[in-house]
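Tertiary structure, described
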Amino acid sequence: MIKSKFKENQASGQISAITGSLIKIKGLENNVRLHDLIKVLGAVNILGEVIQIYSDHIVAQCFENTTNLRINEEVISLNEPLSMELAPGLLGKIFDGIQRPLQNAFELFKEGGLKRGLEINSISRKTKWHFLPQKKINEDVSSGDIIGTVQETPLIDHKIMVPPFVSGKISFIASEGEYTIIDEIFRLKINSKEQSFSMLQKWPVTKARPFKERRMPYEPLITGIRVIDLLFPITKGGTFGVPGGFGTGKTVIQQSLAKWCNADIIVFVGCGERGNEIADVLNQFSELIDPQTKRPLLERIILIANTSNMPVSAREASIFSGVTIAEYFRDMGYDVAVLADSTSRWAESLREISGLLEEMPAEEGYPAYLPSRLSSFYERAGIVELLGTDLDENQRIGSLTIIGSVSPPAGDFSEPVTATTKNFVQGIWALDAGLAYSKHYPAINWLNSYSNYPEYISEWWYERDLDWVESDIDWFDCRKQVNEILSKDNELKYITQLIGVENLPEEQQFIIFIAKLIKEGFLIQNAFDEIDSYTNTTKLLGMIKIILLIFKEGKELLKQGFIVNDIKKLNVINSVLRVNRSIPNEEFHKLENLKNKILSEIEALKLIRGVYKIK
Ligand code: ADP
């Protein structure tokens, strides 16, 4: 075995075959473990990952294009798996799947593409951060305890934590001041030996970061998208899949979530998009202002981008890279959401590599380990009790929510990636080509979608209910009624087509009318309208309660001999259909006025018809 001339003590070998992004290496087989990183030296410093080890050679997948590589080029083992660098300086950045900072890369190579073998640190070693110590010398600390903080952005306090599996007595801690992420920040005495720590931690992407215990979900992740928050809610720490054919609105949903959902931090993993789409997303986020905090949204976002012209292996790593960074922020006690768009592109990269390895394919050419890989991604979500305590010795809680979109070819939800995803998530927002075609956006099909979370969060909603006596049903009952109305409406669809709506009994016509109000006045939501794009919880409850109030009062009217047309002609109906775009979240009193107007118009109707008997 040849010793590398570049680095002492590093095992090295030589390329013996090249097939696409895979390379065969002889000479390293006794010195590497599965998933260790290797580096091809020479003209292009390409990184790769060991994926097979045999007695006389190993196979590695390269994270970059292998064109122009030659047989016999030297390869060294880096003796560590692909890991993420975790430290202040992550927020607002855009990385590729192996955490190379794309902004810097693009600045260096303005022509747009990336040069191979680019070596830039993931996080700047030069930027200085203002460190505020929170512990003192001689204190005992263990994994997850907060040593100090750095105000990374005006919103996010970056907690500098004792890394997992470490505990000891503090023998040195830096005083308040400016430090880079590689300066020494604290030293611990561990079993009479001293170990030095900086702000920088590293963590292998395929290994979940440890925590104490999972908790049951109890709080919704509010998305501002009405159909989600009412009918198919997701919780903090939950998992959801968004399957939908081309053009059904997956990207718009993921982007709306990134903009509006109430997670503290968003990790957006863009898989297999075109380069300019990623650039678009970045531009959008840098211009947008967070409605709650009035700060630029980019300050809470980390983007992982794998454009389709980057090699497949980097794409395969990207969702795990994203989730690892997310876990690190979860460990600080934040609510973090990972949005992966689209996991199908990720699965395709898995299929491509598996094909190169000549593995026995399972369904539709995907490898047999597709389910286990997908589950190892989604199972990293959850709301958890974290290691370590806060400054007042309280238990800290953090959450990691994962939402992955899936693009089934030809919108066929029985294909392997969609079907497998369904096994690992707690809910699905099924996007429907028919709805998208008729411009019903978001095109979430209310009959095929589901969420397993409503029972867990009904209490949360109950505490935030409106005190409207006239419409005294809580969030949980609202969803039940809406579901019933929509499914009855669906049952009536065929008979309506057959005999025409006007030939149905009044009660059935009324159901169809209320379902129309629900669809057009509540479910349809324009992601690009300033007022409509985000609905807060109070407006959501107000909007649905108003429609259900019309339902309740209307049923009474029908009993008293009125017909559906009388109700349709009420002046308020038009205003109800325009609430989404005409009443901003902050002007809730307008919704209350509208509710009162409905009641008085109905009263007036009764009076005109003389239903009230004169006493
Ligand atoms: P996909 O990612 O599934 O291919 P997109 O998210 O790009 O689809 O959506 C396609 C188009 O549908 C968008 O460009 C937009 O015009 C429209 N669209 C999707 N969702 C909405 C929405 N909520 N509001 C308004 N328009 C939407």
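Structure's up top.
Below: a short report on this structure. By convention here, each chain's residues receive numbers from 1 onward along its written sequence. A pLDDT threshold of at least 70 governs which residues receive local features in this predicted model, and a stricter bar of 80 or more applies before side-chain atom pairs are shown or counted, although totals over entire chains, interfaces and linings include all residues. Hydrogen atoms and water are omitted, and side-chain values are computed over all heavy atoms in the structure.

**What about the overall build of the protein?**
Numbering of helices and strands starts at the N terminus; helices are DSSP runs of H or I of at least 4 residues and strands are runs of E of at least 2. Broken down by element type, the protein carries 16 helices and 26 strands. Structurally, the protein occupies a C-alpha span of about 105 × 55 × 40 Å along its principal axes. Note on definitions: a residue-residue contact is assigned when non-hydrogen atoms from the two residues lie within 4.5 Å. Once local pairs closer than 6 in sequence are excluded, the contacts in the protein between residues at least 24 apart make up 70%. Note on areas: Shrake-Rupley with a 1.4 Å probe; residue coverage comes only from the protein chains shown. With an accessible surface of roughly 26800 Å², the protein has 50% of that area assigned to carbon and sulfur atoms.

**Comments concerning the site of the ligand**
In the region of the ligand, 14 residues are neighbours, and Gly247, Lys250, Thr251, Val252 and Ala527 sit closest. Take Thr248: an N or O atom from its main chain is 3.3 Å from an oxygen atom of the ligand. Distance and chemistry together define a polar contact, namely a pair of N or O atoms within 3.5 Å, with one atom able to donate a hydrogen and the other to accept it when in protein, and with adjacent residues in sequence counting only for side-chain atoms on both sides. Contact between the ligand and Ala527: a nitrogen atom at 3.0 Å from a main-chain N or O atom of the residue. Protein contacts shield 72% of the accessible area of the ligand, which totals 560 Å² for the unbound molecule. Residues are sorted three ways: Asp, Glu, Lys and Arg are charged, Ala, Val, Leu, Ile, Met, Phe, Trp, Tyr, Cys and Pro are nonpolar, and all the rest, Gly among them, are polar. Tallied by class, the residues present in the shell around the ligand amount to six nonpolar, seven polar and one charged. The criterion for a residue being near a molecule or strand is simple. One of its heavy atoms has to lie within 4 Å of it.

**A closer look at the pattern of salt bridges**
Salt bridge, as used here, is a side-chain nitrogen of Lys or Arg placed within 4 Å of a carboxyl oxygen of Asp or Glu. Within this structure, the stated rule accounts for 27 salt bridges. Arg100 is the partner of Glu64 in a salt bridge, and the nearest nitrogen-oxygen pair spans 3.1 Å. Placement of Glu64 in the loop between strand 5 (58–62) and strand 6 (74–81) and of Arg100 in the loop between strand 8 (94–95) and helix 1 (102–108) is noted, with a sequence separation of 36 residues between them. With respect to burial, Glu64 and Arg100 carry one shared label: buried. Close ionic contact of Glu219 with Lys236 constitutes a salt bridge, the shortest N to O distance being 2.9 Å. Of this pair, Glu219 sits in the loop between strand 18 (213–215) and helix 2 (226–231) while Lys236 sits in the loop between helix 2 and strand 19 (239–243), and the two are 17 residues apart along the sequence. Given the relative accessible area of 6%, Lys236 is considered buried. If you follow the salt bridges from partner to partner, you end up with Glu64, Asp96 and Arg100 in one network. Relative accessibility decides the category of a residue: with a 1.4 Å probe and only protein chains considered, values under 20% of the type maximum give buried, values over 50% give exposed, and everything between is partly exposed.

**What to know about empty space enclosed by the protein**
For each structure, a 1 Å grid was placed over the protein atoms alone; sets of points admitting a 1.4 Å probe that cannot get out are labelled cavities, open sets with protein on both sides within 12 Å along at least five of seven lines are labelled pockets, and lining residues have an atom within 4 Å of a point. Grid points are joined across faces, edges and corners, and a volume is the space filled by probe spheres set on the points. Inspection of every chain in the model, using the stated rule, returns two cavities of 30 Å³ or more. The volume enclosed by the largest cavity comes to roughly 80 Å³. As for the largest cavity, its lining consists of 13 residues, and the residues nearest its centre are Gly144, Met161, Arg209, Asp331 and Leu387. Looking at the lining of the largest cavity, its residues break down into seven nonpolar, three polar and three charged. Ile160, Met161, Phe186, Ser198, Met199, Gln201 and Tyr328 are the residues that line the second largest cavity.

**Observations regarding a nonpolar patch on the surface**
What makes a patch is a set of residues exposed beyond 30% relative accessible area and free of salt bridges, joined within 9 Å when like-charged and within 5 Å when nonpolar (Val, Leu, Ile, Met, Phe, Trp, Tyr). A surface patch of nonpolar side chains, amounting to about 290 Å² of accessible area, comprises Ile495, Leu498 and Ile499. Relative to the helices and strands, Ile495 is located in helix 11 (residues 475–499). When its relative accessible area of 37% is taken as the criterion, Ile495 is described as partly exposed.

**Quick look at the environment of Lys136**
Checked against the element boundaries, Lys136 lands in the loop between strand 9 (129–133) and strand 10 (140–142). Lys136 sits 35 residues away from Ser171 along the chain, and the two C-alpha atoms are 8.7 Å apart. Residues within four places of Lys136 in sequence aside, it is in contact with Ile170 and Ile173.

**What about the packing of aromatic side chains?**
Aromatic pairing here means that ring centres of Phe, Tyr or Trp (its six-membered ring) are within 6.5 Å. Orientation follows from the plane angle: under 30 degrees is stacked, over 60 is edge-to-face, and everything else is tilted. Under the criterion given, the structure shown has 17 aromatic pairs. With centroids separated by 4.8 Å and ring planes inclined at 10°, the aromatic side chains of Phe186 and Phe197 adopt a geometry described as stacked. Linking Phe186 in strand 15 (residues 186–190) with Phe197 in strand 16 (residues 193–197), this pair joins segments that are eleven residues apart in sequence. Taken individually, Phe186 and Phe197 each receive the classification buried, so the pair is uniform in this respect. Each ring, one from Phe320 and one from Trp346, has its centre 6.3 Å from the other, and the planes form 65°; the classification is edge-to-face.

**A short note on the pairing of strand 22 (residues 335–341)**
Most of strand 22 sits inside the fold, with seven of its seven residues counted as buried. The alternating pattern of strand 22 places Asp335, Ala337, Leu339 and Asp341 and Val336, Val338 and Ala340 on opposite faces, both of which are buried. Any two strands with at least two DSSP bridges between them are considered paired. Pairing of strand 22 with strand 24 (residues 395–406), which is carried by six bridges, proceeds in the parallel orientation. Within strand 24, the position partnered with Ala340 by the bridge is Gly404.

**Side note on the sheet that holds strand 11 (residues 146–151)**
The four strands are arranged 12-11-9-14 in an open sheet whose pairing can be described as antiparallel. At either end of the open sheet lies a strand with only one pairing partner, and these are strand 12 (157–161) and strand 14 (177–179). Between one strand axis and the next, the sheet turns by 40° as a mean value, whatever way the strands run. Note that strand 11 and strand 12 share five bridges and pair antiparallel. Each axis is a line fitted through C-alpha atoms, taken for helices only over the stretch in contact, and angles between the N-to-C directions span 0 to 180 degrees.

**So, the nonpolar core**
Leu230, Leu231, Trp429 and Ile514 are the most contacted members of the largest nonpolar core, which has 89 residues in total. A total of eleven residues in this core trace back to one element, the largest contributor, which is helix 13 (residues 537–559). Those residues in contact with Leu230, other than ones at most four positions away along the chain, are Trp475, Cys478, Arg479, Val482, Phe522, Leu540 and Ile544. Residues grouped as a nonpolar core are buried Ala, Val, Leu, Ile, Met, Phe, Trp, Tyr and Cys residues, joined through side-chain atoms within 4.5 Å.

**A few points about the packing of helix 5 (residues 312–330) against helix 7 (residues 370–378)**
Two elements in contact, helix 5 and helix 7, have axes separated by 10 Å at closest approach and are oriented at 25°. In terms of orientation, helix 5 lies roughly parallel with respect to helix 7. Of the two elements, helix 5 crosses helix 7, and the hand of that crossing is left-handed. Here Glu316, Ile319, Phe320 and Val323 of helix 5 lie close against helix 7, whose contacting residues are Arg373, Ser376 and Phe377. Looking at the contact of helix 5 with helix 7 residue by residue, the classes come out as four nonpolar, one polar and two charged. Should an angle fall under 35 degrees it is taken as roughly parallel, and over 145 as roughly antiparallel, whereas 65 to 115 is taken as roughly perpendicular and any remaining angle as oblique. Here is the rule for handedness: rotate from the far helix to the near one, and if that takes an anticlockwise turn smaller than a right angle the crossing is left-handed, while a clockwise turn gives right-handed.

**A word on unusual backbone geometry**
Cis geometry marks the peptide bond from Asp341 to Ser342; its omega dihedral reads 0°. Considering the arrangement of structural elements, one finds Ser342 in the loop between strand 22 and helix 6 (343–356). Positioned with a positive phi, Asn72 is a non-glycine residue whose angle comes to about 75°. Here Asn72 lies in the loop between strand 5 and strand 6.

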